[in-house]
Amino acid sequence: MSHYEAPIREPIILGDKTYHDISNDIAAPIEGKANTWWWVVFSIASFALLWGIGAIAYTIGTGIGVWGLNNKINWAWDITNFVWWVGIGHAGTLISAVLLLFRQKWRMGINRSAEAMTIFAVIQAAIFPVIHMGRVWNAYWVMPIPNQFGSLWTNFNSPLLWDVFAISTYLSVSLVFWYTGLLPDFAMIRDRATKPFQKKIYSLLSFGWSGTAKDWQRFEEVSLVLAGLATPLVLSVHTIVSFDFATSVIPGWHSTIYPPYFVAGAVFSGFAMVQTLLIIMRKVSNLEDYITRLHIENMNKVILLTGGIVMVAYLSEFFVGWYSGSSYEDFTYLSVGAATGPYWWAFWILIFCNGIFPQLLWFKKLRTNFTVSFIMAILINIGMWFERFDIIVINLSRGHLPSTWAQFSPTFVDIGIYIGTIGFFFVLFLLYARTFPVVAQAEVKSILKASGDGYKRARNNK
Amino acid sequence: MLIQYKIKQTINMASNKKYWKSVEELKENSSIVEKLKQKEFVEEIPADQFLGDKDTLDSSSTSRRDFLKYVGFSTAVASLAACEGPVIKSIPYVIKPDDITPGVAEYFATTIADGIDFANVLIKVREGRPIKIEPNKESSFGSTNARVQASVLSLYDNNRLKGPKAKGEAITWNKFDTEVLAKLNELKGNGEKIVFLTGTCASPSTSSLVKKFSEQYSNVAHVVYDAISESAALDAMKEMYGKRSLPDYDFSKAEVIVSVGADFLGDWQGGGFSTGYAKGRIPKNGKMSQHIQFESNMSLTGANADKRVMIKPSQQVNALIKLYQAIVSGVATREMSPLNTAIQDIAKQIKAAEGNAVVVTGIQDKNAQLLALQINKAIQSSVIDVVNTRNIRHGDDAKVTQLTADMKAGKIGAIITHNTNPAYTLPNAKEFTEALKKTKLSVSFAMSDNETTNASQYVAAIPHYLETWNDVLIKKGQYSLTQPTIHKLFDTRQFQETLLKWLGSNETYYDYLKGNWNNNILGGKSWNQALHDGTFSVSVANEENLVNDVDISAAGSALSKIKGSDLELTVYTKAGIGDGQQANNPWLQELPDPITRTTWDNYLLVSRIDAERLGLENRTVDNGALNGDMVNITANGVTIEKVPVYIQPGQAPGSIALALGYGEKGLQEEMSIGVNAFPFAKGIFHNASIEKVSGEHEFACVQLQHTIMGREGEITKETTLADFVSKPKDEWNSPPKFSLDHQEVTQDKVDLWEKFDDLGTRFNLSIDLATCTGCAACVIACHAENNVPVVGKHEIRVSRDMHWMRIDRYYSSDMTVEKGKEEGIFGTGDFFNAQIQPSDAPEVSFQPVMCQHCNHAPCETVCPVAATSHGLQGQNQMAYNRCVGTRYCANNCPYRVRRFNWFKYFDNNEFDFNMNNDLGRMVLNPDVVVRSRGVMEKCSMCIQMTQLTILNAKKEGRPVADGEFQTACSNACPTDAIVFGDVNDKISKVAQLEKDDRSFKLLDFVGTKPNVFYQLKVKNTKEA
């Protein structure tokens, strides 16, 4: 099962693990009791979720007017949050699918949580297109459902409809992919479980996994097929999300660079979110041996690359804006509209968080430092939120006709819903951390003999 | 059938089968079975135990029967109460009135004459409810402004008086009459003076009634008083031409128009001049009028002028004198100031125009008015008509001042006010209110409670003009009739009716009016025809005017003694609120001021220079809204506290201005806004001092960026007359060019989209920027026609105005591309920041914008549920009940004309305007749906009107005639700047306009192919 790994490569699994150690370590959070910190964080997250639910209920009960939107800026925090969450949801599939195809073994320590994060983030993202509708109760009209209204059908020209398909496809493929990977791990938990109820549940969840060679063969094949299916989705989802803007006629939105720029940005923000979560999780769940400095460094490298792509995209946007000689483009990118206008602070947060700070990761010392990586990840999350805010709000606030220029300021409801989704995300993630095998232990075991530090040392000393 | 069969089967089976309960049954002749057959209950029922005891039964008040009755009844009642039927307040026509067909509108010609606005109008009545006011285009005063358009909502004002009152208590009309008559007779006996204090009614029949009353009560005086007074002009006319009425002006004849502080496109001398003015504003044969405006605060008129000279009110006086000297006396002052040079230049142009010129002035001073009249006389102006004069202002300020003094001295027995609110509109209102208490009898005829009714002993509730009979003599020889279009909503009685009662007559005012017309006016012509037309013209013999010899030099020298001051305060009227009599009308409160684009407020207009000097600021806050500092103004011995400051480009430094009509008492809370400027209303200007106070005022503006940011070429095109005449079209109206294979091509070469079928009717709307004065009558017309909700000050402040059409107003900036390149800052942030600032003396352009009904509409492609789609007649249609409210369409609209229902705007106490009460809802147009929360709405090109036109033509089996297709805005436009029609009808006006050289499309380069197009503005910048 094992492959040969060059001695020069750093071990991926630390701490002289045996197969049994891995099983013990991964099952520990599920079999043990939650510590105080889990409860504290869970309570805060639940409270935030409740607040969000309250804010959503208020919105649906009273009208979208409780948000800070207006007739000139019809989208702001709602779609910003949507794009932000979808973007975050990109890393999981990239890690599990693309890295699988590229045979990157280090992904095994992080892919489970990255995928979980993806799914939870996409769930958050899906909330916004629904609740931002003026008449939520008719939201199902965006689905091509045969109806009694005669020829009424959805408009297949609308990028919003493409979003519906893109997101739902992405969510379902991600979910299936994730779940497939979970099967042997659930089976492992099942086999260890002593409490009958727990055993029952994990038996059901593991779909009767028996661990035979046939099971494993099918498992590998399905993984590969799903990885093949999921890979184009990594590119398609954010490409389609970017079409919401790119196909419009609004200066600043109407831009052909958007699809690659959005995809890079999404991977950028997704990896930042994975970083944020895993740096905490490796401490809290005692996974330091599985999520190592190497993982963090590798992810930082991806961040550096995608951050670079994003920065090039910004620069080319500014260049094209200036080069076009169009006063409309000038406004959105160069001058009062962005850098020196009413939203100058949002513009500069974006530039610093996404463009300037990540350049520090060129230094190996910094990119292998957990604290620096964590702070960087948070900054990028903030920067990427502002990127979407800038794209949506600044461009809408400076439209074609100067008479329609306006500004936006959020209300407590806007903020409440956003915080609510963060709460919801963490509620889901914390529950996941207590009930799911958070590292793909079956996969990790497959590389233990090649990449485990004990085995490597033994081999090298031979 | 099937069921019956089954039952039969069951019965048959029953006869075959036997069921048994115990083995005993199987035995024949079992005693037990027999016993059971006889007795249902095996054991004795102890009925005796509870029925046998007679005492218990007697003591019980409820019998078993009663108990069951109660149970039955309460069950029935409870279930009935649970299912309450809806209360439907409509009553079907059991017997249909002959002249009403449900669903078909009727039109009645009538006339509004409320003291400030005078117009011949048509009232659209649906199922007995007046719902819309249209101009009566067949009459000579058939143009409406925003207030006239909105007056239909004032009919359904919840704030109106519902009946007569005495000392604040409701009484009956009988009691009212008895008590007032008793007092009147007592006064008559004592020979005390009875005074009628009214606004200008211009009604011959009312005047004759008042005259009759005077005959009966001997010591009677009729004092006329206008809130927006033209007393100075009237006095000047009296002095020069011997009659106290206003000259008429036909601006269509003018080649040169010089206005010194006269807002003649606004409310100057009663307004209504824009129709004639507009005729001269489109170049014909290379000629158009030239309009020069001297003014201090930016007025609608100044904004439309070819040349605007920004001077303080005291300098205006000076300018008028100089103009007079240059034109009439022929004395050219050799002073080398820019103002003087301009005046000398204008004088030359006036002389060159040979009588086709006019000088008008709004300086509220008799001498100034005399000067203007004299100039027009000297140049033999063909524009001014001093023979057939206008009757729409009669107010005499001197008499009112005298009256107040007399009242104070106790010389007045009774004061009867009608159509006026002096306790609010008089500069010395407080004094008047005090004096009013000294009269023995005070009766106020009013539509709603106000300052005067509160101070009067008796309040007579009068009906709205849509509920009354009356006549108006707007101009000499031009009679008009007012007729009721709805039965009186409340227990009201019109002033004239009451006068007839007091005179002891049993006649109704209708009979009196008809009699008066038949005897004195109609001259044998048909009353019915006159009523049908709403107007009746009498040819007047072109009598020569008696011209008095007036000592103009004395007037001039009196004028030249007027000294200016550091800060000169004037008052002005706004297009929406006017004199404030319709201040409780939410449509008008929400109407953006054409110049400041601010709603729900009045404010002190200050120039940037003065603001900086005094440390006053306007700030943009986070949500983009405007905040302003506040000041206390002291002038004329009065201090008004906490007045917000609005920094107005084009305000002459050293001058400040405040709008009238605000700060009235007794209005609904939402409408009780602003400060009362009437204390400053009298005279030319007041020497004012202002003092900054703490606090910040929150404005509600619909436009927050005032300059066009160098985008003129694509948004509001403009050219000069010289270029228009001499240069090829491409130089002043070039279509957008696109690059294809390194070649410059026109738009059709690069279009990605397929064309729609262009068969049948295709509606186009043409808007002429040369004749659009920005008056905003169309905005209100649209509001009324399309049930547009009023959203209130806060929502407007956060850019959620719901108007389907708006009139964008742009100021020019001092920073141009050329200047930027010269200074080397072009393309930098500094350049843009400079461009954002309007010039201190800006040129102004107006541009009405509604849904452009694009043929390639960006909104249509992005709607996920196809709620907005292209109509076969060129409209971009909106299916409200399909809309889910993603608002993507609004984001993708380059024109930002889509309006979202952020809240439920009807039946919602948060928005307590006309859609939140039964009375106010009567104004709703039944042909247009009221939109629910969460849907997008926008201009529909009045599809309900165009469909009706098509249907009517179809029924009559004829093609639709040109001009028959109308939208609310095109119909309301007093200058015909908005033309609507079928562009596929090649002879239609709109098809001609589309091909016109001046025609262009808004943001044409985007490629949306709108069905709305504009005609560019031409400015006559010719120098002498």
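Predicted, not measured: the structure shown is a model, and the values here were computed from it.

In this section: the overall build of chain B. If you tally the helices and strands in chain B, you get 36 helices and 43 strands. In terms of principal-axis extent, the alpha carbons of chain B reach across some 145 × 100 × 65 Å. Per-residue burial for chain B yields a buried fraction of 54% across its 1024 residues. Of all intrachain contacts in chain B linking residues separated by at least 6 positions in sequence, the fraction that spans at least 24 positions is 73%.

A count of helices and strands for chain A gives 17 helices and zero strands. A globule of 462 residues ought to have a C-alpha radius of gyration of about 23 Å, and chain A, at 23 Å, matches this closely. Considered along the principal axes of its C-alpha atoms, chain A spans approximately 75 × 55 × 45 Å. Looking at the 462 residues of chain A, the share that counts as buried comes to 52%. In chain A, of all internal contacts separated by at least 6 residues, the share reaching a separation of at least 24 is 82%.

Here we take up the domain arrangement of chain B. All names here are of chain B. For chain B, the assigned domains are domain 1 (2-31), domain 2 (47-82), domain 3 (165-229 + 395-533), domain 4 (232-390), domain 5 (565-701) and domain 6 (750-810 + 847-1019). In this structure, domain 4 and domain 6 have C-alpha centres spaced 37 Å apart. Listed by partner, the interface residues are twelve residues for domain 4 and ten residues for domain 6. Every element with two or more residues in the side of domain 4 that touches domain 6 is listed here: α10 (274-279) and α11 (300-304).

Time to look at the interface of chain B and chain A. Note: interface size is frequently given as the accessible area lost on complex formation between the parts. Each partner contributes to the interface: chain B provides 52 residues, whereas chain A provides 48 residues. The set of elements that each furnish at least two residues to the side of chain B that touches chain A consists of β34 (806-811), α30 (829-836), α31 (858-862), α32 (888-891) and β38 (899-900) of chain B. The element best represented in the side of chain B that touches chain A is α30 of chain B, accounting for four residues. Its residues placed into classes, the side of chain B that touches chain A shows 25 nonpolar, 16 polar and eleven charged.

Now for the nonpolar core. Ranked by internal contacts, the top residues of the largest apolar core, which has 411 residues, are Leu-320, Leu-323, Leu-604 and Cys-778 of chain B. Element by element, the count of residues in this core is highest for helix α9 (residues 258-284) of chain A, at 16 residues. Look past the residues within four positions of Leu-320 of chain B in its chain and what remains in contact with it is Val-260, Thr-361, Ile-363, Ala-368, Leu-371 and Ala-372 of chain B.

All names here are of chain A. Where helix α2 (residues 36-62) contacts helix α15 (residues 412-435), the axes come no closer than 6 Å and their chain directions differ by 140 degrees. With respect to α15, the element α2 is oriented oblique. Taken as a pair, α2 and α15 cross one another with a handedness that is left-handed. By residue class, the composition of the contact of α2 with α15 is 20 nonpolar, seven polar and no charged.

Residues and elements named next belong to chain B. Burial analysis of strand β3 (residues 129-135) places six of its seven residues in the buried class, which makes it a mostly covered element. Two elements, strand β2 (residues 118-126) and β3, share six bridges in a ladder whose sense is antiparallel. If you follow Val-121 over to β3, its bridge partner there is Pro-135. Counted between consecutive antiparallel strands, the loop separating β2 from β3 contains two residues, among which Glu-127 sits at a positive phi close to 50 degrees.

Residues and elements named next belong to chain B. The end-to-end C-alpha distance of helix α15 (residues 397-408) is 17 Å, a good match for the 16 Å that twelve residues give at a rise of 1.5 Å each. Considered for burial, the residues of α15 that qualify are Asp-397, Val-400, Leu-403, Thr-404, Asp-406 and Met-407. Those residues of α15 that are buried lie in contact with β6 (193-198), β7 (220-224), α9 (231-241), β14 (412-418) and α17 (429-436). Just downstream of α15, Gly-410 is the residue with a positive phi angle, here 75 degrees.

A separate point is the environment of Glu-712 of chain B. All names here are of chain B. Inspection of the secondary structure assignment puts Glu-712 in the loop between β29 (700-701) and β30 (718-720). By the C-beta count within 10 Å, which is 14 here, Glu-712 ends up partly exposed. Separated by 100 residues in the primary sequence, Glu-712 and Ser-812 place their C-alpha atoms 9.7 Å from one another. Those residues in contact with Glu-712 that sit more than four places away from it in its chain are Lys-717 and Glu-718.

All names here are of chain B. A positive phi is found at Met-709, a non-glycine position, where the angle reads about 60 degrees. Summarising the element assignment, Met-709 is placed in the loop between β29 and β30. In this structure, Leu-1003 takes a positive phi of about 50 degrees despite not being glycine. Of note, Leu-1003 is situated in the loop between β41 (999-1000) and β42 (1012-1015). When the 20 C-beta atoms within 10 Å are taken as the criterion, Leu-1003 is described as buried.

Reading the values: the criteria
Residues numbered from 1 in each chain as written. Chains lettered and ligands numbered in written order. Predicted model: local features only at pLDDT ≥ 70, side-chain atom pairs only at ≥ 80, totals over all residues. Helix = DSSP H or I, 4+ residues; strand = E, 2+ residues; numbered from the N terminus. Buried ≥ 20, exposed ≤ 12 C-beta atoms within 10 Å, placed from the backbone. Contact = placed C-beta atoms within 7 Å. Rg over C-alpha atoms; globule rule 2.2 N^0.38 Å. Domains from an automatic or database assignment. Nonpolar A, V, L, I, M, F, W, Y, C, P; charged D, E, K, R; others polar. Core = buried A, V, L, I, M, F, W, Y, C linked by C-beta atoms within 7 Å. Axes fitted to C-alpha atoms, helices over the stretch in contact; angles between N-to-C directions. Parallel < 35°, antiparallel > 145°, perpendicular 65-115°, else oblique. Left-handed = near helix turned anticlockwise from the far one by under 90°. Pairing = 2+ DSSP bridges. Expected span 1.5 Å × (residues − 1).

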